[in-house]
Every structure is written in C-alpha cells, then in structure tokens.
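Residue-level listing of the chains:
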Amino acid sequence: MSEPRQSTAEEKQKPIRLEDYETLLERAAQRGAEHCLTQLGLEQSHAANDIREPRNLLHAWRDVRRTARQTLVRVATAGLLAALILGAAIKFKWLGGS
C-alpha cells in the first residue's frame, strides 16, 4: 500500500486573481487608514473641523507674514524717498537756509 501523499505549500496555494488582489489591498488600506485616524483621535464626525482649524490658522499666519513683508518694504521705500527729497531740499536750499 502506498502512503498518502502530503501536499506541499506550493500545491496548497492557488493563484489569486488580480481583481481579488486589488480588493484585498483596498480593504487593507481602508482598515489601515481607519486605524491611523483612530490612533490620532480623528475618527469622529467633527474630525474634519479639527483638521480645517489648524490649516486655516496656517493660512492666516502666511497672510500675516506676507502683509508684514509688504508693509516693511513700503515703509522702507517711503523712508528712502523722504530722505532723498529732504536731501534735495537741503542741497537746493529750498528750506529757507542761507
């Protein structure tokens, strides 16, 4: 009598269809994303606002920086022009000097 043949690991594995593989990957990615959001405490319905608030704050900070730079450039330009006009006035004695 012959011994029952044991199946090898290769014989047990069946090739998986591409569609099944993609579905499996999609489910794993979804579960991973949900797990990550749960770990961060962002799984509730108000989590979108928790993300939007810091984003809006960052946009506001960028606007403040841009406005501050523009103001600094305008003040420096006005100061330079005022100094040039004052220098010209002194040079051409427009200020009533002798």
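All of these numbers come straight from a predicted model, not from anything done at the bench.

*Asks:* Sorry, what's going on with the overall build of the protein here?
*Replies:* When helices and strands are counted, the protein shows three helices and zero strands. Taken from N to C terminus, the helices and strands of the protein fall in the order α-α-α. In the protein, which comprises 98 residues, the share counted as buried stands at 3%. Approximately 9,600 Å² of the protein is accessible, and the part contributed by carbon and sulfur atoms is 60%.

*Asks:* Would you mind showing me how to read helix α2 (residues 18-40) here?
*Replies:* Owing to its 3.6 residues per turn, the α-helix brings residues three or four apart onto one side. With 23 residues, α2 extends 33 Å from end C-alpha to end C-alpha; this agrees with the ideal 33 Å at 1.5 Å per step. Two residues or fewer past α2, G41 is found with a positive phi of approximately 80°.

*Asks:* Can you help me understand the pattern of salt bridges in this one?
*Replies:* When the charged atoms of two side chains with opposite charge come close together, those side chains can pair. Per the stated rule, a full pass over the model turns up three salt bridges. R17 is the partner of E19 in a salt bridge, and the nearest nitrogen-oxygen pair spans 3.7 Å. For R17, a relative accessible area of 51% corresponds to the exposed category. The salt bridge partner of R66 is D63, with a shortest N-O separation of 3.0 Å. You can see R66 and its partner D63 sitting in helix α3 (residues 47-91), three residues apart, about one turn around the helix. Take D63: its relative accessible area is 36%, and that puts it in the partly exposed class. Sharing partners across several salt bridges, the network here consists of R17, E19 and D20.

*Asks:* Please explain the confidence of the model for the protein as it appears in this structure.
*Replies:* Fine structural detail should not be taken from predicted coordinates in areas where pLDDT scores are low. Of the residues in the protein, 86% have a pLDDT of 70 or more, and the chain-wide mean is 86. Within the protein, α3 carries the highest mean pLDDT (94), whereas helix α1 (residues 9-12) carries the lowest (64).

*Asks:* Is there a simple way to think about unusual backbone geometry in this case?
*Replies:* Glycine aside, a negative phi is what most residues show, and trans is what most peptide bonds show. For K93, which is not glycine, the phi dihedral falls at a positive 55°. With respect to the helices, strands and loops of the structure, K93 is situated in the segment after α3. Taking relative accessible area as the criterion, K93 reaches 53% and is therefore assigned exposed.

Cut-off values and rules
- Residues numbered from 1 in each chain as written.
- Predicted model: local features only at pLDDT ≥ 70, side-chain atom pairs only at ≥ 80, totals over all residues.
- Heavy atoms only, no water.
- Helix = DSSP H or I, 4+ residues; strand = E, 2+ residues; numbered from the N terminus.
- Buried < 20%, exposed > 50% of the residue type's maximum accessible area, 1.4 Å probe, protein only.
- Areas by Shrake-Rupley, 256 points an atom, 1.4 Å probe, with all protein chains shown as cover.
- Expected span 1.5 Å × (residues − 1).
- Salt bridge = Lys/Arg side-chain N within 4 Å of Asp/Glu carboxyl O.
- pLDDT = per-residue confidence, 0-100.

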